[in-house]
Amino acid sequence: MLRDNRQLDYRDIQALPHTFTSSVDPKVILSNLIERASRILNATRCSVVRLDPDRHPGRAFVFTAADDPSIEGYSLSLDAYPEIQAALTESRPVLVRDEPGDPIADRIRERHRKLPFPLSVLIPLTYRDENFGVLFLRFADAQHPLRIEEVELCQLVAFGAAVALHNAREYEDLLASIKDREHGVARLEEAHRLQMEMLASAAHDIRTPLHSILGYVDLLAEHAYGALAAEQVEVLGYVGDNAQTLLQIVNSLIDHARLEEGRIPTEATKGEVARLLEELRIILEPLARQRKVQFAVRSSGALPLIETDWPKLKRVLMNLLHNALKFSAGGAVSLEAGSDDGHVWFEVSDSGPGIPAEHLPHIFDRFYRVNPKRDETPGGLGLSIVKRYCEILGADISVSSAPGQGSRFRVSVPRSWRGSHEHDG
Amino acid sequence: MADVASRRVLVVDDDPDNRRVLRRILMAGGATVAEAEDGTQALATLESFRPDLVVLDLTMPEIDGWETVRRIKRIPGFSATPIVALTAHALAGDEERARRAGCDGYIAKPCRPAELRERFRQWLG
């Protein structure tokens, strides 16, 4: 193993860290390894035999550089290559020299003679007890000088390649598992979306006959089908009240399903706040009468024209007012609106039981109920829809309440809003 | 419902229950009411009935509400007849689209007599 006094090439040492980090592509890693090692040892031919013990036990596969494709992909049996097994089991470089007394050369002499390579160096690619393969360097000259430092440098380069191969495989595994998960998440999302679509569709079907019921109830109560006794009108009031509550629940389910589907089309149009107040008064007055609630709708000063998504704003105020009326039987509920700089505000106040301080931070959560026995809406969806619609509208909502002192919700809506974007809820 | 008294209103809706409710509400106010169950019928009824107001469901099979509105508005003599759209879903944007299609107003179901009264006041003056 003696050789002239040529110094180790400083650039080969300098490039060493690069072998660890250059790529996550095994082909690039192996090509770099072959190129460096051939240069350091000045080999006639250099390849890597790769192992795949899980899928192909007992076999190895030749990898060559792109400029040397003659035996690329060649599959060989490890039994026929005791030198490879020796490098792997001994975990150190193996030198095979075609001369009498070399234990491996004795066994492979026939093969060596067919190929003009009287000298071979094999360096295992091992990291953490795992063999990725063997670096196979062949020399045409039996007297080719090899220096121990250079072989050691090749060992380092090979170790770097093994680390890089290990990292490349970890990276592949990680990518595969991320893909798996993404696929799973996408399937779950699709299933959820379908469920919500079914929910919305079922709720739509419930809503249609409800509309008819409400229409007939109103007509009856207005004596459109003949005069009714006071008690009959009162009973019709209960029917209408319950139908209205049911409609409110069905509407909440539809809103909830749409929000969960994540496809909320929005559209801003200009309109008058006073019109909305009047509509709400007309819709809710019968319910207020039924519950013996003093219901007042007031505006503080002149109300401006604003640009917003009206059906959503209406739903926000409907939900708040419906809650207020529900909890204030025999008391008072008011809706007041006014404007300040750039905003229109709405205040819904009630004389209900109020909300204990410990519940206040949670009332806008989905399915939250202050009092599970009293709340009539399904899973307390009403306020969570209010909050999410407010977010879509760019509106602020706040609440002040205390037990025994009623509740006051304040919604502040920007006068101008252009929300034609899809909102992901 | 003094506002619709002796007015002629054409109700277009594929749901018979809805038509019946609307008819009753309007008749209670003294209006003369004709019904059509789809866009084709509505267009056929138009010339003979000559309504002062058309109330029409936007989501109908065959020629849908949107298309019916566009066609009515193109018929000479009816381009000024107010058309009020009726819909169960009250989707954001429906109002805007209804107006773009040529509707003069928009009502979300359910049709409660008190609310209808208020709205008809705007369209029939």
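The structure under discussion appears in the preceding block.
Residues numbered from 1 in each chain as written. Chains lettered and ligands numbered in written order. Predicted model: local features only at pLDDT ≥ 70, side-chain atom pairs only at ≥ 80, totals over all residues.

Draft legend 1. The nonpolar core, seen in detail. Residue and element names in this part refer to chain A. By size, the foremost hydrophobic cluster in this structure holds 42 residues, and its most contacted members are Leu 33, Ala 37, Val 134, Leu 135 and Ala 161. Breaking this core down by element, the ones donating at least two residues are helix H3 (26-41), strand E1 (45-51), strand E2 (59-64), helix H4 (82-90), strand E4 (94-97), strand E5 (119-127), strand E6 (130-139) and helix H6 (148-221). Looking at this core, the element that brings in the most residues is H6, giving eight residues. (Core = buried A, V, L, I, M, F, W, Y, C linked by C-beta atoms within 7 Å. Buried ≥ 20, exposed ≤ 12 C-beta atoms within 10 Å, placed from the backbone. Helix = DSSP H or I, 4+ residues; strand = E, 2+ residues; numbered from the N terminus.)

Draft legend 2. Local environment of the packing of H6 of chain A against helix H1 (residues 16-28) of chain B. H1 of chain B packs onto H6 of chain A with a crossing angle of 25° between their chain directions and a minimal axis gap of 9 Å. The angle between the axes of H6 of chain A and H1 of chain B places the two elements in the roughly parallel class. For H6 of chain A against H1 of chain B, the interelement crossing comes out left-handed. Between H6 of chain A, through His 211, Ser 212, Gly 215, Tyr 216 and Leu 219 of chain A, and H1 of chain B, the contact on the second element is made entirely by Asp 17, Asn 18, Val 21, Arg 24, Ile 25 and Ala 28 of chain B. Here the contact of H6 of chain A with H1 of chain B is built from residues that sort into five nonpolar, four polar and two charged. (Axes fitted to C-alpha atoms, helices over the stretch in contact; angles between N-to-C directions. Parallel < 35°, antiparallel > 145°, perpendicular 65-115°, else oblique. Left-handed = near helix turned anticlockwise from the far one by under 90°. Contact = placed C-beta atoms within 7 Å. Nonpolar A, V, L, I, M, F, W, Y, C, P; charged D, E, K, R; others polar.)

Draft legend 3. Just the sheet that holds strand E5 (residues 105-108) of chain B, in detail. All names here are of chain B. Ordered in space as E2-E1-E3-E4-E5, the five strands form an open sheet in which the pairing is parallel. Lying at the two open borders of the sheet, with one neighbouring strand each, are strand E2 (32-36) and E5. On average, adjacent strands in this sheet sit at an angle of 20° to one another, irrespective of strand direction. The pairing of strand E1 (residues 8-12) with E2 spans five bridges and is classified as parallel. Bridge pairing in E2 places Val 11 opposite Glu 35. Strands in contact with H1 are E1, E2 and strand E3 (53-57); relative to E2, the strand with the most contacts, it is inclined by about 170°. Lying on the sheet, helix H5 (residues 113-124) is in contact with E3, strand E4 (83-87) and E5; it crosses E5 at an angle near 175°. (Pairing = 2+ DSSP bridges.)

Draft legend 4. Geometry of H5 of chain B. The end-to-end C-alpha distance of H5 of chain B, which contains 12 residues, comes to 16 Å, matching closely the 16 Å that a straight helix rising 1.5 Å per residue would cover. Among the residues of H5 of chain B, those classed as buried are Pro 113, Leu 116, Arg 119 and Phe 120 of chain B. The arc enclosing the buried residues of H5 of chain B, seen along the axis, measures out at 125°, which places them on a common side. In this structure, the buried side of H5 of chain B is in contact with H6 of chain A together with H1 and E5 of chain B. (Expected span 1.5 Å × (residues − 1). Arc of directions from axis to C-beta.)

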